[in-house]
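Each chain, written out:
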Amino acid sequence: MHSGLRYLIGFNGYPFSAVAAVVLHCLVLGFILYWNTASDSSEFDLVQPTVIKSLFIDENPQLRERRRLERQQIQRQQEEEQRRLQEQQRQQEEEQQRQEEERQRQAEEERQRQQLLEQQRQQELRDQAERERLEEERRRQEELAEQQRRQQQQEAERARLAEEAAAAAARTEFEVVQSGVALIQQFIEEAWNRPPSARNGMRAVLRIGMLPTGEVTDVMVVESSGDAPFDRAATNAVYSAQPFSELQQMPINIFNDNFRTLTLIFQPEDLLN
Amino acid sequence: MGEQLGPMQLIFGASLEVQIVIFILIALSIVSWGIIVQRYLVLSTAEKSVHNFEERFWSGIDLGLLYKEGSQMQEEGVAMAGMENIFRVGFKEFMRLRQQGNVDGEAVMEGAQRAMRVAYSREEEKLERHLAFLATVGSVSPYIGLFGTVIGIMNAFIGLASQTQATLQVVAPGIAEALIVTAIGLFAAIPAVVAYNRYSSKVDSVTGSYITFTDEFSSILHRQIHTTG
């Protein structure tokens, strides 16, 4: 027996083993923490549930388009504002320069005038007073223009804020649309009797027209699955699931934008064959 | 999702019941690992000392000399382990009974054997200490983990009931939180079960060699009685 081992088993080895156990757990904990910080977050990105019997591709192209347009408009406005500010600065600088020149010129004239006779000087003085008055007038006009410009800017700012609020409203509108789509999807799923000829991988795309009361006015097969009974079953499902009376509570503008016509995909994914 | 969801966030964000269960499981795991290490040290020294002592015993050394060597070592403070203990107890009893003179040979043998049996069972007890705890941890901690999981999933579904629109994002963290408890339960149980199986077979082999040694030693003593007496 070597002495190292005997040293370890002092007091029957209890102290050593307790320390070893605690150290081991700390190591495991440290490893988990390290792994946790080292791994990128994409591992935990959750995705929307995709395994649904019937899928809706309609993710509101109108809404998306409109949001894109809004974003572009805001950007354009910001750019314009910047340009306007630059312009203003440039104008101010020019103005200053002009004044400076004016002043220099005046000083020179004064020097020339000092060489002239006193009567002439008096006359000059009168002229100068006149000129100063004009100058004053011009300056006042400029100030007025400046004020007007500032007001315009404030108005533009206010308009921009209003647009931002509208965008926020659109975001909540998106949620309303989502829940509406989920409802329709649920009703249609319940009403959908698949024919025996239905196979996995079949896909029928239907376009339905709806009234604000939730009634379906027409159903059109946009893309056939190639199996007539399947298409018919999908159409029947839509008709027997209507009316979607919950849509009545929806604000009319949201309805018009998103539900007036709706594209649905029917795709069985849970069949055995 | 903006925030990252890792094991640590799950544990610290869990409900109180689940956290208590996790705490119990981690405590069990620490204790069972302590026992695993301690038993490893004890059993490996026992195995080594069996080997060493058997070598010395069968080297042809005089038994009285071997006994004296052992006494000397004991005085030096070296702990007597396993097989040597059995030998010393048996030999001591044998010598004492023989020195009384008028004791019958069979009675001497019987006395020595009885003393060795007692020493043997004491040694066996020493080796098997705490192994039952490992077995308990191994079989119970998965159930404790499952209990925590059930509570966690229950909480997740209660939270789901209050939602109007059930999405995966609502349920997923609760279920992940619940599953991590099972993971910790298994983390505690697996080493305990492995160590229990390993150590009980080790104890079996060591006690088996003790029994064999006891038999061989009594046959030697028997021979000694009948050749001299």
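Since this is a predicted model, take the numbers as computed values, not measurements.

**Let's talk about the overall build of chain A**
Summing up its helical and strand segments, chain A has 6 helices and 4 strands in all. Counting across all 273 residues of chain A, residues that qualify as buried make up 24%. Just so you have it, chain A exposes about 19,200 Å², and 51% of that area is on carbon and sulfur atoms.

**Considering the overall build of chain B**
Tallying secondary structure elements over chain B gives 7 helices and 0 strands in all. Along the chain direction, N to C, the helices and strands of chain B fall in the order α-α-α-α-α-α-α. Over its C-alpha trace chain B gives a radius of gyration of 28 Å, far above what one expects of a compact globule, namely 17 Å for 229 residues. Dimensions along the principal axes, computed over C-alpha positions, put chain B at roughly 95 × 30 × 25 Å.

**Some remarks on the pattern of salt bridges**
Residue and element names in this part refer to chain A. What the rule picks out here adds up to 23 salt bridges over all chains. The salt bridge partner of Glu109 is Arg105, with a shortest N-O separation of 4.0 Å. Of this pair, Glu109 and Arg105 both sit in helix α3 (residues 61–115), 4 residues apart, which is roughly one turn of that helix. With a relative accessible area of 47%, Arg105 lands in the partly exposed category. Residue Arg133 is joined to Glu130 by a salt bridge in which the shortest nitrogen-to-oxygen separation is 3.1 Å. A residue pair is termed a helical-turn pair when its members lie 3 or 4 positions apart in one helix, as Arg133 and Glu130 do in helix α4 (residues 118–191) at 3 residues. What makes Arg133 partly exposed here is its relative accessible area of 49%. In this structure Glu130 comes out as partly exposed when scored by relative accessible area, which is 41%.

**Topic: the packing of aromatic side chains**
One pair of aromatic rings is described through two measures. These are the centre distance and the angle between the planes. Residues and elements named next belong to chain B. Counting across every chain of the model gives 14 aromatic pairs over all chains. With 5.8 Å between their ring centres and 80° between their planes, Phe57 and Phe217 make a pair best called edge-to-face. Residue Phe57 is located in helix α2 (residues 16–57), and its partner Phe217 is located in helix α7 (residues 168–228); the two are separated by 160 residues in the primary sequence. A relative accessible area of 0% places Phe217 in the buried class. Here the aromatic residues Phe53, Phe57, Trp58, Tyr67, Phe87, Phe91, Phe213 and Phe217 are joined through ring pairs into a cluster of three or more.

**Description of helix α6 (residues 131–161) of chain B**
With 31 residues, α6 of chain B should reach 45 Å at 1.5 Å per residue; the first-to-last C-alpha distance of 46 Å fits that figure. Where α6 of chain B bends most, at Val140 of chain B, the angle is about 35°, and the proline Pro142 of chain B comes one to four residues later.

**A word on a nonpolar patch on the surface**
Taken together, the side chains of Tyr143, Leu146, Val150, Met154 and Ile158 of chain B define a hydrophobic patch exposed on the protein surface, amounting to about 540 Å² of accessible area. Exposure remark for Val150 of chain B: the relative accessible area of 47% places this residue in the partly exposed category.

**Re unusual backbone geometry**
For residues that are not glycine, phi is negative in most cases, and the peptide bond is trans in most cases. Residue and element names in this part refer to chain B. Positive phi, close to 75°, is recorded for His130, a residue that is not glycine. Looking at the secondary structure, you find His130 in the loop between α5 (105–128) and α6. Take His130: its relative accessible area is 28%, and that puts it in the partly exposed class.

**What about the packing of helix α4 (residues 82–99) of chain B against α5 of chain B?**
Residues and elements named next belong to chain B. At a minimum axis distance of 8 Å, the contact between α4 and α5 shows a crossing angle of 155°. If you check the angle between α4 and α5, you find them roughly antiparallel. Here the hand of the crossing between α4 and α5 comes out right-handed. Only Ala107, Val108, Gly111, Ala112, Ala115, Met116, Ala119, Tyr120, Glu123 and Lys126 of α5 make contact with α4, whose side of the interface consists of Gly82, Asn85, Ile86, Val89, Gly90, Glu93, Phe94, Leu97 and Arg98. When its residues are assigned to classes, the contact of α4 with α5 shows 11 nonpolar, 4 polar and 4 charged.

**As for helix α5 (residues 228–241) of chain A**
For α5 of chain A, which comprises 14 residues, the first-to-last C-alpha distance of 20 Å matches the rise-based estimate of 20 Å (1.5 Å per residue) to within 8%. Among the residues of α5 of chain A, Phe230, Asp231, Ala233, Ala234, Thr235, Ala237, Val238 and Ala241 of chain A are the ones counted as buried.

**A look at the pairing of strand β2 (residues 204–210) of chain A**
All names here are of chain A. Counting buried residues along β2, 6 of its 7 residues qualify, which places the element largely inside the surrounding structure. Here β2 pairs with strand β4 (residues 261–266) via 6 bridges, running antiparallel. Along β4, the bridge assignment pairs Arg207 with Thr263.

**Let's talk about the nonpolar core**
If you look at the biggest cluster of nonpolar residues, it comprises 39 residues, and the most contacted ones within it are Phe57, Phe87, Leu127, Leu134, Tyr210 and Phe217 of chain B. Every element with two or more residues in this core is listed here: α2, α3 (63–76), α4, α5, α6 and α7 of chain B. Ranked by residues supplied to this core, first place goes to α7 of chain B with 11 residues. If sequence neighbours within four positions are ignored, Phe57 of chain B has contacts with Leu63, Leu66, Phe87, Phe213, Phe217 and Ile220 of chain B. Counting 28 residues, the second-largest nonpolar core is a separate cluster that includes Val181, Val216, Phe255 and Leu264 of chain A.

**Observations concerning the environment of Glu189 of chain A**
Mapped onto the fold, Glu189 of chain A is located in helix α4. Owing to a relative accessible area of 24%, Glu189 of chain A belongs among the partly exposed residues under this scheme.

**Some words on the side chain of Ser29 of chain B**
Its location among the elements puts Ser29 of chain B in helix α2. Within the local environment of Ser29 of chain B, its side chain forms a polar contact with the side chain of His25 of chain A, the two groups lying 2.4 Å apart. Residues in contact with Ser29 of chain B, not counting those within four places in the same chain, are His25 of chain A together with Phe187 and Ala188 of chain B.

**Description of the environment of Glu190 of chain A**
As for its position among the elements, Glu190 of chain A is in helix α4. The spacing of Glu190 of chain A and Ser240 of chain A is 50 residues in sequence and 9.7 Å in space, taken between C-alpha atoms.

**Looking at the side chain of Asp227 of chain A**
Residues and elements named next belong to chain A. Its place among the elements puts Asp227 in the loop between β3 (216–223) and α5. Judged by its relative accessible area of 15%, Asp227 is buried. A distance of 2.6 Å separates the side chain of Asp227 from the side chain of Ser197, its partner in a polar contact. Not counting the four nearest positions on each side in its chain, Asp227 is found in contact with Ser197 and Met202.

Criteria and cut-off values
Residues numbered from 1 in each chain as written. Chains lettered and ligands numbered in written order. Predicted model: local features only at pLDDT ≥ 70, side-chain atom pairs only at ≥ 80, totals over all residues. Heavy atoms only, no water. Helix = DSSP H or I, 4+ residues; strand = E, 2+ residues; numbered from the N terminus. Buried < 20%, exposed > 50% of the residue type's maximum accessible area, 1.4 Å probe, protein only. Areas by Shrake-Rupley, 256 points an atom, 1.4 Å probe, with all protein chains shown as cover. Rg over C-alpha atoms; globule rule 2.2 N^0.38 Å. Salt bridge = Lys/Arg side-chain N within 4 Å of Asp/Glu carboxyl O. Phe/Tyr/Trp six-rings, centres within 6.5 Å; stacked < 30°, edge-to-face > 60°. Expected span 1.5 Å × (residues − 1). Bend = angle between axes of the 7 residues up to and from the residue. Patch = residues over 30% accessible without salt bridge, like charges linked within 9 Å, V, L, I, M, F, W, Y side chains within 5 Å. Axes fitted to C-alpha atoms, helices over the stretch in contact; angles between N-to-C directions. Parallel < 35°, antiparallel > 145°, perpendicular 65-115°, else oblique. Left-handed = near helix turned anticlockwise from the far one by under 90°. Contact = heavy atoms within 4.5 Å. Nonpolar A, V, L, I, M, F, W, Y, C, P; charged D, E, K, R; others polar. Pairing = 2+ DSSP bridges. Core = buried A, V, L, I, M, F, W, Y, C linked by side-chain atoms within 4.5 Å. Polar contact = N/O pair within 3.5 Å; in protein donor to acceptor, adjacent residues only side chain to side chain.

From the geometry alone we can't say anything about function, so treat these as descriptive.
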